[in-house]
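Listed here are the chains, written in short residue letters.
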Amino acid sequence: MPFQRIVIAVGRPEEATHPAALKAALAEFISTLIFVFAGQGSGLAFSKLTHNSPTSPAGLISASLAHGFALFVGVSTAANISGGHLNPAVTFGALVGGNITLLRGILYWIAQLLGAVVANLLLKFVIVDVAITGFLPTVGVGVWEAFVFEISMTFGLVYTVYATAIDPKRGELGVIAPIAIGLIVAANILVGGPFTGASMNPAVAFGPALVSWSWGDHWIYWAGPLIGGGLAGIVYELFFIGFTHEPLPAAEY
């Protein structure tokens, strides 16, 4: 039965110190730092230029483009080393689909969170007159509406990752995976930005929350993306990969 394909591989203990896994985690750290610094930095830069004025259509478009381009670069730089996740929700989606082990996933999560924190610390140091704040639903948007928004947007993101980067039948489509992933994030920001900030990424939300120590409704930006990413991984694995799924190579643990 296809449901037998959804098996989470724990991995061997030595994976935690295996050079390939550590190199992949380092790639995730650096590329996540690049992505978050450029993406969130664009929002701070726009606030500085507009003297902290409320979000405008121009600001939304600039944030969308900056995040899309930055993610395209970040995924491209890490793709050949770690797969270019840059997002705990993407890693979780790959995990529930059996495309990464739990131990390697934990390494990725640590690296992604550290990359986002370091990026926000750097932004706080270089942009001193604009405050870094955590993600929050905008006024008039309830927590459950924001929760569903984050689930929906992250589902689309991780589904795109599966279709263009993970599916063993992707063929030459894999070449445009970083572009497709960057574009879906940019599009989702245009849709969800005015309502939730369109995180789609627990690391992106965790960095500014830690640096500014603002944790209000922070659970939305973990639970929503992880559920959306997990659902996308299960749906794509069950219905579109199925028995054609290629197991993890032994060298990858």
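Residues numbered from 1 in each chain as written. Predicted model: local features only at pLDDT ≥ 70, side-chain atom pairs only at ≥ 80, totals over all residues. Heavy atoms only, no water.

**Structural notes on the nonpolar core**
- Grouped together as the largest cluster of nonpolar side chains are 41 residues, with contacts concentrated most on F35, L71, L157 and M200.
- Secondary structure elements with two or more residues in this core: α1 (19-49), α2 (57-78), α3 (88-96), α4 (102-126), α5 (143-166), α6 (177-196), α7 (202-212) and α8 (220-241).
- Residue contributions to this core peak at seven residues, all from α5.
- With near-sequence residues (within four places) excluded, L71 lies in contact with F35, L86, I181, G182 and V185. (Core = buried A, V, L, I, M, F, W, Y, C linked by side-chain atoms within 4.5 Å. Buried < 20%, exposed > 50% of the residue type's maximum accessible area, 1.4 Å probe, protein only. Helix = DSSP H or I, 4+ residues; strand = E, 2+ residues; numbered from the N terminus. Contact = heavy atoms within 4.5 Å.)

**Some remarks on the UniProt feature "transmembrane region" (unreviewed entry) in the protein chain**
- The positions that UniProt labels "transmembrane region" (unreviewed entry) are, in the present scheme, residues 20-46, 58-83, 89-110, 117-136, 142-163, 175-199 and 219-239.
- Regarding residues 142-163, the helix share stands at 95% and the strand share at 0%, and the terminal C-alpha atoms are separated by 32 Å.
- Helix and strand shares over residues 219-239 are 95% and 0% respectively, and the end C-alpha atoms of the span are 30 Å apart. (UniProt positions renumbered as here; feature names shortened; annotations may be inferred.)

**Some remarks on the environment of G197**
- When you line up the elements, G197 lands in the loop between α6 and α7.
- Accessibility expressed as a relative area gives 32% for G197, which makes it partly exposed.
- Measuring from C-alpha to C-alpha, the distance between G197 and G43 comes to 11 Å, with 154 residues separating the pair along the chain.
- Each residue touching G197, except ones within four places of it in the same chain, is listed here: F135 and G192.

**Some points on α3**
- For α3, the buried fraction is high: eight of the nine residues fall into the buried class.
- Those residues of α3 lying buried are P88, A89, V90, T91, G93, A94, L95 and V96.
- Residues of α3 that are buried sit in contact with α4, α5, α7 and α8.
- Two to three positions downstream of the cap, the backbone nitrogen of A89 sits 2.8 Å from a side-chain oxygen, assigning the N-cap of α3 to N87.
- Following α3 by one or two positions, G98 has its phi on the positive side, about 80°. (Polar contact = N/O pair within 3.5 Å; in protein donor to acceptor, adjacent residues only side chain to side chain.)

**A short note on the packing of α3 against α8**
- One way to put it is that α3 packs onto α8 with a least axis distance of 7 Å and a crossing angle of 35°. Regarding α3 and α8, the two cross each other, and that crossing is right-handed. On α8, the residues that touch P88, A89, F92, G93 and V96 of α3 are P225, L226, G229, G230, G233 and I234.
- Grouping the amino acids of the contact of α3 with α8 by side-chain chemistry returns seven nonpolar, four polar and no charged. (Axes fitted to C-alpha atoms, helices over the stretch in contact; angles between N-to-C directions. Left-handed = near helix turned anticlockwise from the far one by under 90°. Nonpolar A, V, L, I, M, F, W, Y, C, P; charged D, E, K, R; others polar.)

**Looking at the side chain of T164**
- Relative to the elements of secondary structure, T164 occurs in helix α5.
- Within the structure, the side chain of T164 is placed 2.7 Å from the backbone oxygen of T160, a separation counted as a polar contact.

**Things to note about the packing of α1 against α2**
- The interhelical angle for the contact between α1 and α2, taken along N-to-C directions, is 165°, at an axis separation of 9 Å. When the axis of α1 is compared with that of α2, the two are roughly antiparallel. Read as a crossing pair, α1 and α2 show a hand that is right-handed. Where α1 abuts α2, its residues A27, E28, S31, F35, A38, G39, Q40, S42 and F46 lie against A58, G59, S62, A63, A66, H67, A70, L71, G74, T77 and A78.
- Considered class by class, the residues forming the contact of α1 with α2 number 10 nonpolar, nine polar and one charged. (Parallel < 35°, antiparallel > 145°, perpendicular 65-115°, else oblique.)

**As for the packing of aromatic side chains**
- Taken as a whole and judged by the stated rule, the model has 13 aromatic pairs.
- Considering the side-chain rings of Y159 and Y236, the 5.3 Å spacing of their centres and the 70° angle between planes classify their relative orientation as edge-to-face. Note that Y159 is positioned in helix α5 and Y236 in helix α8, a separation of 77 residues in sequence.
- When the ring of Y162 is compared with that of Y236, the centres are 5.6 Å apart and the planes differ by 40°; the resulting orientation is tilted. Of this pair, Y162 sits in helix α5 while Y236 sits in helix α8; the two residues are 74 residues apart in sequence, bridging distant segments of the chain.
- Given a relative accessible area of 0%, Y162 falls into the buried group.
- With relative accessibility at 7%, the residue Y236 sits in the buried group.
- Three or more aromatic residues joined by ring pairs make a cluster, and in this case those are F155, Y159, Y162, Y236 and F240. (Phe/Tyr/Trp six-rings, centres within 6.5 Å; stacked < 30°, edge-to-face > 60°.)

**Concerning the confidence of the model for the protein chain**
- Across the protein chain, the average pLDDT comes to 89, with 91% of residues at 70 or higher.
- Across residues 244-253, where pLDDT falls below 50, the model places 21 contacts with residues more than four positions away in sequence or in other chains. (pLDDT = per-residue confidence, 0-100.)

**A word on the side chain of N201**
- Position of N201 among the secondary structure elements: in the loop between α6 and α7.
- Since its relative accessible area comes to 4%, N201 is described here as buried.

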